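The lines below spell out each chain.
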Amino acid sequence: MIEELKDYNFYEYIEHGLKTVWFTAPWCGYCTKQKVILNDMPEIQTGLINSEESPLVIHKLNVTAFPTLIIFKNGLEINRYLGLKDKFEIMNILTKYIK
């Protein structure tokens, strides 16, 4: 399930627990493909931030490449992955953090 995030609700979303957030741009072809892959994985709860709609978060986190996946734990960034990821790669990444 994808939750659309904005500057105003981003920090509330990542505040507690383990959260994944994808940073995308509407002009990015890889981002469009990434969103299709994520929509095909409804068992994965993730946030999605459009860089043009939420420039404050993008700037504060220094996100300069799209798509970017950032893993947060209790509001703190614990890892960052750049580029398009297929289902297998996403599951491998997430498995590292599930204990």
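In this convention, every chain numbers its residues from 1, walking through the sequence in written order. A pLDDT threshold of at least 70 governs which residues receive local features in this predicted model, and a stricter bar of 80 or more applies before side-chain atom pairs are shown or counted, although totals over entire chains, interfaces and linings include all residues. Here the side-chain values reflect all heavy atoms present in the structure, with hydrogen atoms and water set aside.

Chemist: Hey, could you run me through the sheet that holds strand β4 (residues 68–73) in this one?
Modeler: Strand pairing in a sheet relies on backbone hydrogen bonds, with the paired strands running either antiparallel or parallel. Two strands form a pair only when DSSP identifies at least two bridges running between them. Only DSSP runs of H or I reaching four residues or more are called helices, and only runs of E reaching two or more are called strands; each is numbered from the N terminus. Reading across the sheet, the five strands line up as β1-β3-β2-β4-β5 and stay open at both edges, with mixed pairing between neighbours. Two strands close off the open sheet at either side, each with one partner strand: β1 (2–5) and β5 (76–82). For this sheet, the mean angle separating the axes of adjacent strands, direction not counted, is 25 degrees. Sitting on the sheet, helix α2 (residues 29–39) touches β1, β2 (18–24) and β3 (46–50), and the angle it makes with β1 is about 135 degrees. The contact criterion used is simple: two residues touch if any of their non-hydrogen atoms lie within 4.5 Å. Angles run from 0 to 180 degrees between N-to-C directions of axes, and those axes are lines fitted to C-alpha atoms, restricted for helices to the stretch in contact. The sheet contacts of helix α4 (residues 87–95) involve β2, β4 and β5, and relative to β4 the element is tilted by about 20 degrees.

Chemist: What is the right way to read the pattern of salt bridges from this model?
Modeler: If the charged atoms of two oppositely charged side chains come close together, the side chains can form a pair. Here a salt bridge means any side-chain nitrogen of Lys or Arg lying within 4 Å of a carboxyl oxygen belonging to Asp or Glu. Under the definition given, this model contains four salt bridges. Between K6 and E53 there is a salt bridge, with the nearest N and O atoms lying 2.4 Å from each other. In this pair, K6 sits in the loop between β1 and α1 (10–14) while E53 sits in the loop between β3 and α3 (55–60), placing the two residues 47 residues apart along the sequence. Throughout, exposure labels follow a simple rule: accessible area from a 1.4 Å probe, protein chains only, divided by the maximum for the residue type, with under 20% read as buried, over 50% as exposed, and the rest as partly exposed. The partly exposed category is assigned to K6, whose relative accessible area is 24%. According to the relative accessible area criterion, E53 is partly exposed, its value standing at 44%. Taking the shortest distance from any N to any O, the salt bridge between E77 and R80 comes out at 2.9 Å. With a relative accessible area of 37%, E77 lands in the partly exposed category.

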